[in-house]
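Structural overview
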Amino acid sequence: MVGQPERRHNPFVGDSKGKLVPLHEKEAEQLAISVNKSGFPLQIRLRNEVDKSPTRWSTAYWEKAWALDEESGYIDLVFKTNFGAATVFMVVECKRVREGHWTFLCEPSTDQGEQILAARAFLTSIADGTVEDSSWHWLDAYPVSQQAAFCIAVESKNTKTIEPICRTLISSLEGLANEERGLLKKSPGSMRWYVPAIVTTAPLYVCNVHDPTAQITQDSGDLLLDRVAFEEVPYVRFRKEVSVPNKVPAPQPGFRTTVRQKDNESVVFVINAMHVRDFLDQFTFAS
């Protein structure tokens, strides 16, 4: 109709009488900016990507409330798949990053196999209504990746760390496992693995520090650019002690500090959003 605004490409809102009226383009743009800042669209897209694609994974929960001790919050996504007689749950924190990147400093491990295969997952095992196991376990898992204990997360020229994200993620995972454990006691038997992961839109880079003496200056603590190389990767393992255990056991004779630290470390898979399907397709525990 002549004189009416073009409605074909504009979103609509309801007026006080419930009639749909078009928004002006600038208003719609401002609303879209607000929505995009939330990161919720990324969650919706990832859930759709998993549920609508030919993969063995599916969404078990999204925006799942959790509580553990005095902490509480919402888990963005939980994907699930079967692994033999067990069910594997990947507990996912989504991080949408604009104008930024995450860079991981990777050091060589004394055990090359541990470096690229190591994973730590929480196991709940129940038989005849009795909890046989409810604890963290070290195991090997594919796909292989590089591993780092240091991450420099840059977003809009601000530098952050991802340890707080990982700390909350681990707590939310344990909160979910605790909740499900109470429900599973009513079943004759069940085995569930819970694996922590972060999916981010940030490009992921690794820098291998294989010879610190030659690659890092001691007087300034700077990397020597002609001695290091940066590589973009689809995913990486972030391995670190990100939370303090509630109870620290007394040292035993012959007890090594490195063993205690390893027992408290977490391994969080950090995955670029464009490679989620590839990662899930490859993920499996090594037999």
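For the structure given in this document, a descriptive report is provided here.

Structural notes on the packing of aromatic side chains
- For the coordinates displayed, the defined rule picks out 11 aromatic pairs.
- With a centroid separation of 5.2 Å and an interplanar angle of 70°, the aromatic rings of Tyr235 and Phe279 are classed as edge-to-face. Linking Tyr235 in strand E15 (residues 235-240) with Phe279 in helix H7 (residues 276-282), this pair joins segments that are 44 residues apart in sequence. Of the two residues, Tyr235 and Phe279, both sit in the buried class.
- Between the aromatic rings of Phe283 and Phe285, the centroid separation amounts to 5.5 Å while the plane-to-plane angle is 70°, which identifies the pairing as edge-to-face.

Description of the nonpolar core
- By size, the foremost hydrophobic cluster in this structure holds 34 residues, and its most contacted members are Trp102, Phe104, Ile162, Phe238 and Val270.
- Per-element tally for this core: the top contributor is helix H4 (residues 163-184), with seven residues.
- Setting aside chain neighbours within four positions, we find Val270 in contact with Trp102, Phe104, Ile162, Ile198, Thr200, Leu204, Pro234, Tyr235, Val236 and Phe238.

Points about the pattern of salt bridges
- Applying the stated criterion across every chain yields a total of seven salt bridges.
- Salt-bridge contacts for Glu49 lead to Arg45; the nearest nitrogen and oxygen are separated by 3.5 Å. A residue pair is termed a helical-turn pair when its members lie 3 or 4 positions apart in one helix, as Glu49 and Arg45 do in helix H2 (residues 40-51) at four residues.
- Owing to a relative accessible area of 23%, Glu49 belongs among the partly exposed residues under this scheme.

So, the pairing of strand E5 (residues 86-95)
- Counting buried residues along E5, nine of its 10 residues qualify, which places the element largely inside the surrounding structure.
- Hairpin remark: strand E4 (residues 71-83) followed by E5, antiparallel, with two residues in the connecting loop; positive phi at Gly84, about 65°.
- One ladder, built from nine bridges, connects E5 with strand E12 (residues 189-200); its direction is parallel. Residue Met90 lies in a different strand from E12, and its bridge partner there is Val195.

What counts, and at which threshold
- All residue numbers here refer to positions counted from 1 along the written sequence of the relevant chain.
- Whole-chain, interface and lining totals are the exception, using all residues; otherwise, since this is a predicted model, local features are given only for residues with pLDDT of at least 70 and side-chain atom pairs are given and counted only at 80 or more.
- Remark: hydrogens and water are excluded; side-chain values derive from all non-hydrogen atoms of the structure.
- Whether two aromatic rings pair depends on their centres lying within 6.5 Å, for rings of Phe, Tyr and Trp, where Trp uses its six-membered ring; planes under 30 degrees apart make the pair stacked, over 60 edge-to-face, and the rest tilted.
- Here a strand is any run of E in DSSP of at least two residues, a helix any run of H or I of at least four, and the numbering for each starts at the N terminus.
- Burial classification: accessible surface area is computed with a 1.4 Å probe over protein chains only, and a residue below 20% of its type maximum counts as buried, one above 50% as exposed, and the rest as partly exposed.
- Residues belong to one nonpolar core when they are buried, are Ala, Val, Leu, Ile, Met, Phe, Trp, Tyr or Cys, and are joined through side-chain atoms within 4.5 Å.
- Contact between two residues is taken to exist if any of their heavy atoms lie within 4.5 Å; hydrogens are not considered.
- Salt bridge, as used here, is a side-chain nitrogen of Lys or Arg placed within 4 Å of a carboxyl oxygen of Asp or Glu.
- Only strands that DSSP links by at least two bridges are regarded as paired with each other.

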